[in-house]
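Breakdown of the fold
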Amino acid sequence: GPKLDLALQRVRMGCAFNDSSLIQEGIDACHELLKIEGDWERRNKLKVYEAVYLMSKRQFTKACDLLLGALSAFSSPEFIEYKNFILFTVLVASVTLDRPTFKNKILDSSEVLQVFPE
């Protein structure tokens, strides 16, 4: 509960100040705390936080997996707007997924079509 929320706050602070060591420490702490406690909402928040961090480190394949895992249950509006989350997911998926997978997981996704109907 509260310890995990503080660790997530540490990740947000690291992102705000562009402090990669603080971000990594916060992510590692979150993973440890999720082994003990944690609900699906916090797990999904961590997926989004970690994916944004991995994108900054150009680890697009792992970031894509995390973003796709959080696509149907986005719960991080305090960190990133939903429209930007969808945009990042589409962009990262476009460079990491093959065409049939991209069509199935992105272009045919109701979450993506809701934000970008064209």
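The structure presented is a predicted model; accordingly, all values stated were derived computationally and were not measured. (Residues numbered from 1 in each chain as written. Predicted model: local features only at pLDDT ≥ 70, side-chain atom pairs only at ≥ 80, totals over all residues. Heavy atoms only, no water.)

Overall, the coordinates contain 4 aromatic pairs when judged by the stated rule. The interplanar angle of 55° and the centroid separation of 5.3 Å between the aromatic rings of F74 and Y82 together place this pair among those described as tilted. Exposure remark for F74: the relative accessible area of 18% places this residue in the buried category. With a relative accessible area of 27%, Y82 lands in the partly exposed category. One aromatic cluster is present, built from ring pairs that chain together F74, Y82 and F85. Sitting over the ring of W40, R43 keeps its end group 5.6 Å from the ring centre. (Phe/Tyr/Trp six-rings, centres within 6.5 Å; stacked < 30°, edge-to-face > 60°. Buried < 20%, exposed > 50% of the residue type's maximum accessible area, 1.4 Å probe, protein only. Lys NZ or Arg CZ within 6 Å of the ring centre and 35° of its normal.)

Here we take up helix α1 (residues 2-16). Here α1 contains 15 residues, and its C-alpha end-to-end distance of 21 Å stays within 8% of the 21 Å for a straight helix at 1.5 Å per residue. Of the positions making up α1, those classed as buried are L4, A7, L8, V11 and G14. Burial along α1 is one-sided: seen end-on, the buried residues are contained in an arc of 110°. Away from its buried face by more than 90 degrees, α1 exposes P2, L6 and A16. Elements that come into contact with the buried residues of α1 comprise α2 (20-36) and α3 (40-56). (Helix = DSSP H or I, 4+ residues; strand = E, 2+ residues; numbered from the N terminus. Expected span 1.5 Å × (residues − 1). Arc of directions from axis to C-beta. Contact = heavy atoms within 4.5 Å.)

A few words on unusual backbone geometry. The general pattern is negative phi for most residues beyond glycine and trans for most peptide bonds. Positive phi, close to 55°, is recorded for N18, a residue that is not glycine. A residue is classified by how much of its surface remains accessible, and N18, at 70% relative accessible area, is exposed. In this structure, R58 is a non-glycine residue whose phi angle is positive, near 65°. By the element assignment, R58 lies in the loop between α3 and α4 (60-70).

This brings us to the environment of N18. Along the polypeptide, N18 turns up in the loop between α1 and α2. Considered as a pair, N18 and Y53 are 35 residues apart in the sequence and their alpha carbons are 9.9 Å apart.

The subject of this paragraph is the nonpolar core. The biggest cluster of nonpolar side chains holds 22 residues, and the ones touching the most others in it are F85 and I106. Elements that contribute at least two residues to this core include exactly α3, α4, α5 (82-96) and α6 (99-107). In terms of residue count, α4 provides more of this core than any other element does, 6 residues in total. With residues up to four places along the chain from it excluded, the contact list for I106 reads L68, T89, V90, A93, L97, T101 and V112. Counting 12 residues, the second-largest nonpolar core is a separate cluster that includes A7, L8, V11 and I27. (Core = buried A, V, L, I, M, F, W, Y, C linked by side-chain atoms within 4.5 Å.)

The subject of this paragraph is the side chain of N44. Among the secondary structure elements, N44 is positioned in helix α3. A relative accessible area of 8% places N44 in the buried class. In contact with N44, not counting residues within four places along its chain, are G69, A70, A73, S75 and S76.

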